[in-house]
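Each chain, letter by letter, is given below.
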Amino acid sequence: MAPRCSWMWRLPRCPLLGRNLSTTRRLGAGRSLSSKSPTPQICVVGSGPAGFYTAQHLLKHHSEAIVDIYEKLPVPFGLVRFGVAPDHPEVKNVINTFTQTARSERCNFLGNVTVGRDVTVEELQRAYHAIVLSYGAEDKKELGIPGEKLPGVYSARDFVGWYNGLPDNRYLSPDLSSETAVILGQGNVALDIARMLLSPLELLEKTDVAQPALEALSQSRVKKVWLVGRRGPLQVAFTIKELREMINLPGTRPIYDPSDFQGLGDILKDLPRPRKRLTELLVKSALEEPGEKEAVRRAQCTREWGLRFFRSPIAVLPSEDGKRASGVRLSVTRLEGSGESAVSVPTGETEDMPCGLIFSSIGYRSVPISPGVPFLPRQGIIPNSMGRVLGAPGLYCSGWVKRGPTGVITTTMTDSFDTAQSLLEDLKSGALNLSNSRPGASAIRELLLLRGVDPVSFSDWEKIDAVETAQGLKVGKPREKILNTEEMLQLVSR
Ligand code: FAD
Ligand code: NAP
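All values derive from a computational prediction rather than experimental measurement.

1. Topic: the overall build of the protein chain
Secondary structure summary: the protein chain contains 17 helices and 18 strands in total. The C-alpha radius of gyration of the protein chain comes to 25 Å, within 12% of the 23 Å expected for a compact globule of 494 residues. Within the protein chain, the fraction of its 494 residues that count as buried is 54%. Relative to all contacts within the protein chain whose residues are 6 or more apart in sequence, the contacts with residues 24 or more apart total 75%. As displayed, the protein chain offers around 22,200 Å² of accessible surface, 53% of which is attributable to carbon and sulfur atoms.

Here you go:
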């Protein structure tokens, strides 16, 4: 551990202050850290939607607060860059709002800094009045079944990271030589994966999909994708817009077992509205004869996808030589209870689905960031009340690490505004102790310098962005993502 810096005690005498640190340029000239009423120094950990929406709300509703955003990757925006499907560019428009926030004179972006490794939460606590933990849910949930680690089985998280250019996943190189793929899980991520596997190449090549993924998908032999759910059609986790997109995917037809949907029409009127509309679409698509045009379209399709209900995975089956996956064993289930909260229970019957390509798409998972920060391992969240971390004054949380790995960007926005509001109330009420000034980013930069970590500023990111956009332009894509961290850092090296 590096020696303690003097800033922790008396900022003005810090020997490293005043050094021409390239990364200090946006600290904001003329701000006094030792004025009578200290400027609130706040930091946010994570630059996904939660981090940016929290920062946006704080900056908008407090005229002096300084908000620094720490991000472990050299590039910002979290799952907006590395999760949202490449063929959904409109969703990524939120980046424009985030960019406005980052360009604020009172906001600093410090990328390439992993909190918990390069700097501890405790060090941040000494440098800031308040810390908002918005570091998402980066890990995957595991099925916990035999064979899960066999080659041929991929987690949705890794596969999504691979096609979206996440540096950690650039060598995934999934084997797409199987004609059938099985996706375990029936959420929107499962639909994203099905669409990526089945989309015509001419649609994908105009997106920001990572180049190696585009090449691998062009060689893919996958023709049929099953999405397997442990519960029934009334419990699917995907949403109507995404289902409609899948039903209409060019070159691809849906396959249904009509018996799965019999009788559902009669109970539609009793369902809550979003579930009602979703089920209506499912029932219509599965049970109604398609019109002539649609019938012709479906007949001409060479790829297909289907929903398999009431099946819970119990084992991945190995090939004869035991070296890779050759199928999945499913327990046939029935429901206990009804509606959203119905629970699947095994009937005792099993069924094997042969296939060489299996995706586990059963959700993401947050991890603890520091032994000093409360964490509920079962729920995978930081315990909190309206974003205030329980038993840890000055600590807050927002986004997926606050409420678990579900919800779209707008859900995350609302939730982050709530957390920011709690923090602002605590500033106003005095619950947040402002009696001592805090050095904020300048002090943390010193520490990072001593540790050989060079943070990436937002204008550094804009250089990376410009290169990616220019490379993309050459091949008709919105951007060609740089896939490794070293190359990103070289672009901004000083
Ligand atoms: P994240 O977006 O994951 O951001 C967390 C950030 O924290 C990351 O940048 C991460 O690198 C950083 N971080 C992690 N650990 C550290 C650390 N120790 N130190 C510093 N930084 C750290 N929603 C939609 O509305 N539309 C969509 O089309 C859509 N598609 C999705 C596709 C996928 C595959 C997934 C998984 C989700 C999708 N969502 C979509 C949901 C949406 O992405 C989430 O609601 C949102 O990203 C959650 O925001 P977050 O900031 O909590 O987490
Ligand atoms: P999700 O919506 O929670 O879906 C997870 C799926 O996995 C569910 O079908 C769930 O079934 C199943 N599952 C969980 N544990 C299982 C187990 N042990 N065995 C078998 N099946 C299991 O998660 P997600 O698809 O990862 O999506 C995460 C969030 O991001 C969601 O809120 C989603 O809407 C959002 N997102 C949005 C978009 C978009 O807007 N286009 C795109 C991608 C993601 P049960 O219901 O039975 O638990």
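2. Some remarks on the packing of aromatic side chains
Summed over all chains, the structure comprises 17 aromatic pairs. Relative to Phe 309, the ring of Phe 261 lies with its centre 5.8 Å away and its plane at 80°, an arrangement referred to as edge-to-face. Of this pair, Phe 261 sits in the loop between strand S9 (252-255) and helix H10 (264-267) while Phe 309 sits in the loop between strand S10 (303-308) and strand S11 (311-318); the two residues are 48 residues apart in sequence, bridging distant segments of the chain. Accessibility classification places Phe 261 together with Phe 309 in one group, the buried group.

3. Considering the pairing of strand S8 (residues 224-228)
Within S8, four of the five residues are buried, leaving the element largely enclosed by the surrounding structure. As defined by bridge partners, strand S7 (residues 180-184) adjoins S8 across five bridges and the pair is classed as parallel. Paired with Ala 181 across the two strands is Val 225, which belongs to S8. Summarising the sheet, S8 and S10 pair through five bridges and their orientation is parallel. By the bridge assignment for S10, Val 228 is matched with Arg 308.

4. Some details on the domain arrangement of the protein chain
In terms of domains, the protein chain is made up of domain 1 (6-138 + 366-492) and domain 2 (140-364). Here domain 1 and domain 2 have C-alpha centroids that lie 35 Å from each other. On the domain 2 side, the residues contacting the 28 residues of domain 1 number 26 residues. For the domain 1 face of the interface with domain 2, the top three residues by lost area are Phe 82, Pro 86 and Leu 483, together amounting to 29%.

5. Some details on the sheet that holds S7
The strands that make up a sheet pair up through hydrogen bonds in the backbone, lying either parallel or antiparallel. Spatially, six strands are ordered S6-S14-S7-S8-S10-S9 in an open sheet, and the strand pairing comes out parallel. Strand pairing shows two members of the sheet lacking a second neighbour, strand S6 (153-155) and S9, which therefore form its edges. Going across the sheet, the axis of each strand differs from the next one's by a mean of 20°, ignoring polarity. Where S7 meets strand S14 (residues 357-360), four bridges bridge the pair, whose relative direction is parallel. What sits directly across from Leu 184, in S14, is Ser 360.

Calculation criteria
Residues numbered from 1 in each chain as written. Chains lettered and ligands numbered in written order. Predicted model: local features only at pLDDT ≥ 70, side-chain atom pairs only at ≥ 80, totals over all residues. Heavy atoms only, no water. Helix = DSSP H or I, 4+ residues; strand = E, 2+ residues; numbered from the N terminus. Rg over C-alpha atoms; globule rule 2.2 N^0.38 Å. Buried < 20%, exposed > 50% of the residue type's maximum accessible area, 1.4 Å probe, protein only. Contact = heavy atoms within 4.5 Å. Areas by Shrake-Rupley, 256 points an atom, 1.4 Å probe, with all protein chains shown as cover. Phe/Tyr/Trp six-rings, centres within 6.5 Å; stacked < 30°, edge-to-face > 60°. Pairing = 2+ DSSP bridges. Domains from an automatic or database assignment. Buried area = accessible area lost by both parts, 1.4 Å probe. Axes fitted to C-alpha atoms, helices over the stretch in contact; angles between N-to-C directions.

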